[in-house]
Amino acid sequence: MAAHNDIGIQGEQLARAYLEDKGYRIIVANWRHGRGEIDLIASFQETLIFVEVKTRSSTAFGTPDEFVGPKKEQMLAQAAGVYMEQVRYQGEIRFDVIAIILPAKGDPSIRHIRDAFFPGIGWA
């Protein structure tokens, strides 16, 4: 398996542990619809949260959250819509990003961006 895949898997495991430690309940990991994937679907205080996890080994090319652009946001929103339809969910939702720096040496850095984007705003 490629090193970037290993980093991504480690990042998702760290994100999951981080959220659970904060009292979030993980409903499903790596939920897929077509070509789209939602890394984590969680609930917290009666809100359904769709979480995109971005992990990098450094910030040499930018912070992890900078890699969540309009196309990714649109894919996440579409997949979230399908998920909510399938489970017949009608309540509060939000889209979060967890940005993780996982250096070769030293401790990882985790940044949780709540309400990272609002579907449809800023899309071309």
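These numbers come from a predicted model, not from an experiment. (Residues numbered from 1 in each chain as written. Predicted model: local features only at pLDDT ≥ 70, side-chain atom pairs only at ≥ 80, totals over all residues. Heavy atoms only, no water.)

A. Molecular detail of the sheet that holds strand S5 (residues 109–113). The mixed open sheet is built from 5 strands, whose spatial order is S1-S2-S3-S4-S5. Every other strand in the sheet has two partners, leaving strand S1 (25–33) and S5 as the edge strands with one partner each. Sheet twist, expressed as the mean angle between neighbouring strand axes with direction ignored, is 25 degrees. Bridge count for strand S2 (residues 36–44) against strand S3 (residues 47–56) is 5 bridges, and the pairing is antiparallel. In the sheet register, leucine 40 faces S3, and the bridge partner there is valine 51. Contacts from helix H2 (residues 70–87) reach S1, S2, S3 and strand S4 (92–101), with the element oriented near 60 degrees to S2. (Pairing = 2+ DSSP bridges. Helix = DSSP H or I, 4+ residues; strand = E, 2+ residues; numbered from the N terminus. Axes fitted to C-alpha atoms, helices over the stretch in contact; angles between N-to-C directions. Contact = heavy atoms within 4.5 Å.)

B. Quick look at the pairing of S4. Across the 10 residues of S4, 8 count as buried, placing the element largely inside the fold. Bridge analysis of S3 against S4 gives 10 bridges, and the strand direction is parallel. Within S4, the residue paired with threonine 47 across the bridge is glutamate 92. Pairing of S4 with S5 involves 5 bridges; the strand directions are antiparallel. In the sheet register, isoleucine 100 faces S5, and the bridge partner there is isoleucine 110. (Buried < 20%, exposed > 50% of the residue type's maximum accessible area, 1.4 Å probe, protein only.)

C. Looking closely at H2. Its 18 residues give H2 an end-to-end C-alpha distance of 26 Å, which sits within 8% of 26 Å, the value for a rise of 1.5 Å per residue. If you follow the buried residues of H2, they end up packed against S1, S2, S3 and S4. Among the residues trailing H2, arginine 88 stands out with phi positive, at a value near 55 degrees. (Expected span 1.5 Å × (residues − 1).)

D. The packing of aromatic side chains, seen in detail. In the structure shown here, the tally under the stated rule is 5 aromatic pairs. Ring geometry for phenylalanine 50 against phenylalanine 95: centres 5.4 Å apart, planes inclined by 25 degrees, an arrangement best described as stacked. Taken together, the positions of phenylalanine 50 in strand S3 and phenylalanine 95 in strand S4 put the pair 45 residues apart, joining distant regions of the chain. Under the relative-accessibility criterion, phenylalanine 50 is labelled buried at 2%. Site record: aromatic cluster; members linked through ring pairs are Trp31, Phe50, Tyr83, Phe95 and Phe117. (Phe/Tyr/Trp six-rings, centres within 6.5 Å; stacked < 30°, edge-to-face > 60°.)

These results come straight from atomic positions and should not be treated as a statement about function.
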